[in-house]
Amino acid sequence: MFDALSSKLEIALDRVRGRGRLDAATVDATLKEIRLALLEADVNFKVVKGIVERLRERLVGEEVAKALNPAQQVVKAVSQELERALGGESAGLALTGKPAVIMLAGLQGSGKTTAAGKLAKLLKSKGRHPMLVACDLQRPAAVQQLKVNAERVGVHVYAPVTAGDPVPVARESIAKARESGCDVVIVDTAGRLHVDEELMGQAAAIREAVQPDETLFVIDAMIGQEAVNVARAFLDGVGFDGVILSKLDGDARGGAALSVREVTGKPIKFASIGEKMEDFEAFHPDRMASRILG
Ligand code: GDP
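The rules behind these values
- Residues numbered from 1 in each chain as written.
- Predicted model: local features only at pLDDT ≥ 70, side-chain atom pairs only at ≥ 80, totals over all residues.
- Heavy atoms only, no water.
- UniProt positions renumbered as here; feature names shortened; annotations may be inferred.
- Phe/Tyr/Trp six-rings, centres within 6.5 Å; stacked < 30°, edge-to-face > 60°.
- Helix = DSSP H or I, 4+ residues; strand = E, 2+ residues; numbered from the N terminus.
- Buried < 20%, exposed > 50% of the residue type's maximum accessible area, 1.4 Å probe, protein only.
- Pairing = 2+ DSSP bridges.
- 1 Å grid on protein atoms, 1.4 Å probe; cavity = no way out; pocket = protein on both sides within 12 Å on 5 of 7 lines; lining within 4 Å.
- Points joined across faces, edges and corners; volume = space filled by probe spheres on them.
- Nonpolar A, V, L, I, M, F, W, Y, C, P; charged D, E, K, R; others polar.
- Disulfide = S-S within 2.5 Å.
- Near = heavy atom within 4 Å.
- Polar contact = N/O pair within 3.5 Å; in protein donor to acceptor, adjacent residues only side chain to side chain.
- Areas by Shrake-Rupley, 256 points an atom, 1.4 Å probe, with all protein chains shown as cover.
- Arc of directions from axis to C-beta.
- Contact = heavy atoms within 4.5 Å.
- Salt bridge = Lys/Arg side-chain N within 4 Å of Asp/Glu carboxyl O.

- An unreviewed UniProt entry lists the protein under the name Signal recognition particle protein, from Egicoccus halophilus.
- The protein has a UniProt comment under Subunit (unreviewed entry) that states "Part of the signal recognition particle protein translocation system, which is composed of SRP and FtsY."

1. Describing the packing of aromatic side chains
- Scanning all chains against the criterion turns up 3 aromatic pairs.
- Where F217 meets F234, the ring centres are 5.1 Å apart and the plane angle is 35 degrees; that geometry is what we call tilted. Within this pair, whereas F217 is found in strand 5 (residues 214-220), its partner F234 is found in helix 10 (residues 226-237), the two being separated by 17 residues in sequence. Here F217 matches F234 in class, with each residue buried.
- Taking 4.8 Å as the distance between ring centres and 20 degrees as the angle between the ring planes, the aromatic pair formed by F217 and F240 counts as stacked. With F217 in strand 5 and F240 in the loop between helix 10 and strand 6 (242-246), this residue pair connects regions lying 23 residues apart in the sequence.

2. Topic: the pairing of strand 1 (residues 100-105)
- Most of strand 1 sits inside the fold, with 6 of its 6 residues counted as buried.
- Alternating positions in strand 1 separate into two faces, A100, I102 and L104 on one and V101, M103 and A105 on the other, with burial throughout.
- Taken together, the 5 bridges between strand 1 and strand 4 (residues 184-189) define a ladder with parallel strand orientation. Across the sheet, V101 pairs through a bridge with V185, a residue of strand 4.

3. Considerations on empty space enclosed by the protein
- Tallied over the entire structure, the rule returns 1 cavity of 30 Å³ or more.
- Counted as a void, the largest cavity has a volume near 60 Å³.
- Lining the largest cavity, in full, are G106, L107, A190, G191, R192, H194, V195, D196, L199, M200 and F234.
- Of the residues that constitute the lining of the largest cavity, the class distribution is 6 nonpolar, 3 polar and 2 charged.

4. Points about the state of the cysteines
- Scanning the model with the defined rule gives 0 disulfides in all.
- Cysteine C135 remains unbridged, with the sulfur of C182 as its closest cysteine sulfur at 15 Å.
- Overall, the relative accessible area of 0% leaves C135 in the buried class.

5. Points about the site of the ligand
- Around the ligand, a shell composed of 17 residues is seen, among which G109, T113, T114, D249 and E275 lie nearest.
- With respect to the ligand, the backbone of K112 contributes an N or O atom lying 2.8 Å from an oxygen atom.
- Burial of the ligand by the protein chains amounts to 80% of its free accessible area of 580 Å².
- Looking at the shell around the ligand residue by residue, the classes come out as 2 nonpolar, 9 polar and 6 charged.

6. Re the UniProt feature "domain: SRP54-type proteins GTP-binding" (unreviewed entry) in the protein
- Per the UniProt entry, the sites bearing "domain: SRP54-type proteins GTP-binding" (unreviewed entry) are residues 267-280 in this numbering.
- Between the first and last C-alpha atoms of residues 267-280 the distance is 16 Å; the span itself is 0% helix and 43% strand.

7. Some details on helix 12 (residues 285-292)
- Along helix 12, the positions that sit buried rather than exposed are P285, M288, A289 and I292. Each buried residue of helix 12 sits inside an arc of 100 degrees when the element is viewed along its axis, so together they form one side.
- On its buried face, helix 12 is in contact with helix 1 (3-14), helix 5 (70-86) and helix 11 (255-264).
- Of the residues one or two after helix 12, G294 is the one with positive phi, at around 75 degrees.

8. Notes on the pattern of salt bridges
- Scanning the model with the defined rule gives 16 salt bridges in all.
- Taking the shortest distance from any N to any O, the salt bridge between R17 and D14 comes out at 2.9 Å.
- Under the relative-accessibility criterion, D14 is labelled partly exposed at 42%.
- Taken together, the shared-partner salt bridges in this structure form one network comprising R54, R58, E81 and R84.

This is the structure we're talking about:
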């Protein structure tokens, strides 16, 4: 994860290591390399611009000029700017409904059904009683996969045999959850391989019907530059409160992680890091920033 970005940033930072004071030319050259490293990692160009501008302000400032060990200051500044781009504070879930409702939305293949199972497992480990709800009725395989995931993590599932409209299914699931003693409903919705008006409308209708405490947008970290456009389309078409970054275990170049938060203003809440149900963790911008800097 982030290997290419990490090694390029490392090279950029090597330029300042072991130096006494930093002259303008060195700061310039370092910033150029950082900019290139971020762009090559598929970080959105506006986000890159923001990071580099803030770094420039900091690195030509008093603090660094006076520092006896400027390299440390530079590394600290880069780390803080990455952390800031990733969202600063880590954000949890605000679950107040009885039952609380979490809805997952995203493109097909982004990892929604997998994330539904993982989230259920995580919540179960915290003493909650989740119910998975199958509202991806476009593909019978998706319903089956959700049932399998529910079984794997040992939680209830609501997947009535019905083709067609998932909105009533989502609505009914609230009463079903209460009947079964479940206190969190996790609604899995359908997606296509590309942004699609009809399915976007359907997800918006489900959201309207069940008024989720949390609508989470699931995005595959591997899709690179495209992440920003897809995230914007879902923000406009469905709306969401937070992001689940999936497939961070792959050779993702990091662009999605570093762009989605800045572009949507919504926090990344979880990282999905593998195919097993336990490969899932709360997202911590500070830890991710230090991981990127190696
Ligand atoms: P959905 O269409 O959005 O419901 O996506 P799925 O949950 O079916 O996931 C699509 C594929 O990606 C499946 O083969 C999953 O096993 C795989 N997948 C999901 N999340 C991750 C992850 O974090 N890491 C890896 N390596 N694979 C994942």
